[in-house]
Amino acid sequence: MEVIKIIDKPIEQRTFFYEFQIENEDTDYFIKKIEDNIDKEISGRTNVKGLMTSYKLFINDDLLKKILHPVVDKVDAVKNFGTGRMRLFDAWGIKLLIGQHTQPHTHRGSYLSGIWYLNDCDNPLIFPQLNLNIKPKKNRILFWDPVLTHYTPVVKDKTKYAVVFNFDEAKEWDHLKGARE
């Protein structure tokens, strides 16, 4: 084998971050659904060093879609990528207790990532590349470029609840047999 060319260098890339405060949605339904569906098999074994549900728990939840769709329509940044059409790929619940955290990670491979906070908490979500710390507030929704590294320090005050989600690009052929199985 002969290597013809290797290019390995950093490039400047545009990124995005959006923060929204939505109307007073009743978050009790989502907190209860998280409580009732904690997945002991994956809790603490992913980037979430706390409790979580399966990654697919909320993808078919009509109430979540009703809440997210009007907000995601305001995220103009995704219109600059690919088709500009998206589908909810995964959506899971997290419950971080005092002493738990999330380790630094990205959501590479997704089209758009986000989180919806279900309660107030002093445990910030940190985006080091943007020098940004976001304090969770009930009914605050964040959307960001999936390549951005983010994490939370150890929870010190009270339990934190949120729904985390990723969208991927919807393709014209997604409905065809075998296209997205």
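Anyway, here's the lowdown on the structure attached to this text. From a predicted model like this one, the values you see are computed outputs, not experimental measurements.

Re the sheet that holds strand 1 (residues 17-21)
Backbone-to-backbone hydrogen bonds join strands into a sheet, with any given pair of strands oriented parallel or antiparallel. One open sheet accounts for six strands, arranged 1-9-6-11-4-3; its pairing is antiparallel. Every other strand in the sheet has two partners, leaving strand 1 and strand 3 (51-52) as the edge strands with one partner each. Of the strand pairs in this sheet, strand 4 (residues 86-96) and strand 11 (residues 160-169) are connected by ten bridges, and their pairing is antiparallel. When the sheet's bridge partners are listed, Leu88 is paired in strand 11 with Phe167. Together, strand 4, strand 6 (112-117) and strand 11 form the strand contacts of helix 1 (residues 28-36), whose direction differs from that of strand 11 by roughly 90 degrees. Taken strand by strand, helix 2 (residues 62-72) contacts strand 1, strand 4, strand 6, strand 9 (140-144) and strand 11, and its axis lies near 60 degrees from that of strand 9.

What about the layout of surface pockets?
Approximately 250 Å³ is the volume attributed to the largest pocket. Surrounding the largest pocket, 20 residues form its lining, Val48, Trp92, His105, His107 and Val164 being those nearest its centre. Sorting the residues of the lining of the largest pocket by element identifies strand 4, strand 5 (101-105), strand 6, strand 10 (150-152) and strand 11 as the ones contributing at least two each. A class-by-class count of the residues in the lining of the largest pocket yields ten nonpolar, nine polar and one charged.

Digging into the environment of Pro124
For Pro124, the position within the fold is in the loop between strand 6 and strand 7 (125-127). Classification of Pro124 as buried rests on a relative accessible area of 18%. Spatially, the C-alpha atom of Pro124 lies 7.3 Å from that of Pro153, the residues being 29 residues apart in sequence. When sequence neighbours within four positions are dropped, the list of residues in contact with Pro124 reads Asn133, Ile134, Lys135, Pro136, Tyr151, Thr152, Pro153 and Lys160.

Points about the pattern of salt bridges
Scanning the model with the defined rule gives seven salt bridges in all. Where Lys33 meets Asp61, a salt bridge forms, and the shortest distance between an N and an O atom there is 2.9 Å. Of the two residues, Lys33 sits in helix 1 while Asp61 sits in the loop between strand 3 and helix 2, which places them 28 residues apart along the sequence. With a shortest N-O distance of 3.0 Å, Glu35 and Lys95 are connected by a salt bridge. Separated by 60 residues along the polypeptide, Glu35 in helix 1 and Lys95 in strand 4 bring together distant segments of the chain. With a relative accessible area of 34%, Glu35 lands in the partly exposed category. For Lys95, a relative accessible area of 13% corresponds to the buried category.

Rules behind the numbers
Residues numbered from 1 in each chain as written. Predicted model: local features only at pLDDT ≥ 70, side-chain atom pairs only at ≥ 80, totals over all residues. Heavy atoms only, no water. Pairing = 2+ DSSP bridges. Helix = DSSP H or I, 4+ residues; strand = E, 2+ residues; numbered from the N terminus. Contact = heavy atoms within 4.5 Å. Axes fitted to C-alpha atoms, helices over the stretch in contact; angles between N-to-C directions. 1 Å grid on protein atoms, 1.4 Å probe; cavity = no way out; pocket = protein on both sides within 12 Å on 5 of 7 lines; lining within 4 Å. Points joined across faces, edges and corners; volume = space filled by probe spheres on them. Nonpolar A, V, L, I, M, F, W, Y, C, P; charged D, E, K, R; others polar. Buried < 20%, exposed > 50% of the residue type's maximum accessible area, 1.4 Å probe, protein only. Salt bridge = Lys/Arg side-chain N within 4 Å of Asp/Glu carboxyl O.

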